[in-house]
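What the coordinates show
Residues per chain, in single letters:
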Amino acid sequence: MDRKVSVVVSVYNEEKALEEFYRETGKVLNELDWDYELVFVNDGSADGSLAILDSLAERDSRVKVVSFSRNFGHEAAMIAGLDYSSGDAVVCMDADLQHPPECIPRILEKMAQGYEVISMVRTKNKSAGLVKNITSSGFYWLINHISDVHFEPNASDFFAVSRHVVQVLKDNYREKVRFLRGYVQNVGFRKATIEYEARARVAGESKYSLKKLFIFSINTILCFSNMPLKLGIYAGIFSALLGVAVIVYTLFTRQGAPSGYATIVVLICFMFAMMFAIIGIIGEYIAILFTELKDRPIYIVDRTRNVE
Ligand code: UDP
Ligand code: MG
């Protein structure tokens, strides 16, 4: 057993799910002919998660724990997991067992065949409601149309990468406003996808509200596409054409401009709306630039267990 797989798990208030996750995943991993380690990243949980992780780490030296000083978010937790992992293959999973551990053998089979990036694609998501499913398809449609990178629709934060790819991610993708899934799908290398059926959460509830998902989607669009910035150019061309049309109309009908207070008010509102929207978009890009420029850490580690 010279090959080793690291399973990276982000944990935020998952006290009710952790024991079961450890049991189920451990069972699958024990049957593999790979060595393994479980890297749990405690993302500032406010419940008993950390105590459970510590007790798991006490019992089992293959359990590594990296605990953040506060909640930094799922993205930060995943990159920390990659930073602290040491396996030849790294599998990222959620702690709530929505990503079935039974898929791990199939992932490793693909890895053994020489694939370096394995995206797990959801066929069904039992926990997500109709609204979440529709907005998610809409989001993928939009981002694939306006971005030059390709996003696998329904790809999840369940994926596996080789050590080589982990190194590339660690060295080159340290953005603060981030979307790991996007980088994973666009680093290149030999890629494979595996379908899986997302289970329902074992316990607790989703930390991603629709509002959080919305903000996250906007950030992703801004980070992976310059298209919104070009909207200003289109709006400019549109306004110019509108102006020309009004001039031509006025000259040909010799009636003066379409009369009325209402027309003017509507036009002013419309034009200002476009202008403010465009200023807002530029503002968003500046905010991201500012965040990147400040170069604050993606995460801060409080302490670790079983990590040399
Ligand atoms: N998570 C995290 N930090 C956060 C929110 C969530 O590490 O701020 C973890 C959470 O513990 C879980 C995973 O990210 O392991 C996915 O979260 P969740 O299941 O709430 O999202 P959903 O599956 O509903 O999209
Ligand atoms: Mg979940």
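Throughout what follows, the structure given in this document is the object of discussion.

Cut-offs and rules
Residues numbered from 1 in each chain as written. Chains lettered and ligands numbered in written order. Predicted model: local features only at pLDDT ≥ 70, side-chain atom pairs only at ≥ 80, totals over all residues. Helix = DSSP H or I, 4+ residues; strand = E, 2+ residues; numbered from the N terminus. Expected span 1.5 Å × (residues − 1). Buried ≥ 20, exposed ≤ 12 C-beta atoms within 10 Å, placed from the backbone. Core = buried A, V, L, I, M, F, W, Y, C linked by C-beta atoms within 7 Å. Contact = placed C-beta atoms within 7 Å. Near = placed C-beta within 6 Å. Nonpolar A, V, L, I, M, F, W, Y, C, P; charged D, E, K, R; others polar. Axes fitted to C-alpha atoms, helices over the stretch in contact; angles between N-to-C directions. Parallel < 35°, antiparallel > 145°, perpendicular 65-115°, else oblique.

A separate point is helix H10 (residues 261-294). The end-to-end C-alpha distance of H10, which contains 34 residues, comes to 48 Å, matching closely the 50 Å that a straight helix rising 1.5 Å per residue would cover. With zero of 34 residues buried, H10 is to be regarded as a mostly surface element. Asp 295 occupies a position one or two residues after H10 and carries a positive phi of about 55°.

A word on the nonpolar core. Counting 58 residues, the largest nonpolar core has Val 7, Val 8, Val 9, Phe 40, Val 90, Val 91 and Ala 160 as the members making the most contacts within it. Looking at this core element by element, the count peaks at six residues for helix H3 (residues 74-84). In this structure, Val 91 is in contact with Val 5, Val 7, Val 8, Ile 104, Ile 107 and Ala 160, ignoring residues within four places of it in sequence.

Along the chain, Leu 231 turns up in helix H9 (residues 227-253). On the basis of neighbour count, Leu 231 is assigned to the partly exposed category, with 14 C-beta atoms found within 10 Å. Along the backbone, Leu 231 and Ile 281 are 50 residues apart, and their C-alpha atoms lie at a distance of 9.1 Å. Residues within four places of Leu 231 in sequence aside, it is in contact with Ile 278 and Ile 281.

To continue, consider the site of ligand 1. With respect to spatial proximity, 16 residues lie near ligand 1, and among them Ser 10, Tyr 12, Asp 94, Ser 206 and Lys 207 are the closest. Breaking the shell around ligand 1 down by element, the ones donating at least two residues are strand E1 (4-11) and H3. Among the residues making up the shell around ligand 1, the classes are represented as five nonpolar, six polar and five charged.

A separate point is the packing of helix H5 (residues 130-146) against helix H8 (residues 210-224). One can describe the packing of H5 onto H8 by two numbers: an axis separation of 11 Å at closest approach and a directional angle of 5°. Viewed along their axes, H5 and H8 adopt a mutual orientation that is roughly parallel. From H5, Val 131, Phe 139, Leu 142 and Ile 143 reach across to H8, where they touch Leu 210, Ser 217, Thr 220, Ile 221 and Phe 224. Of the residues that constitute the contact of H5 with H8, the class distribution is seven nonpolar, two polar and no charged.

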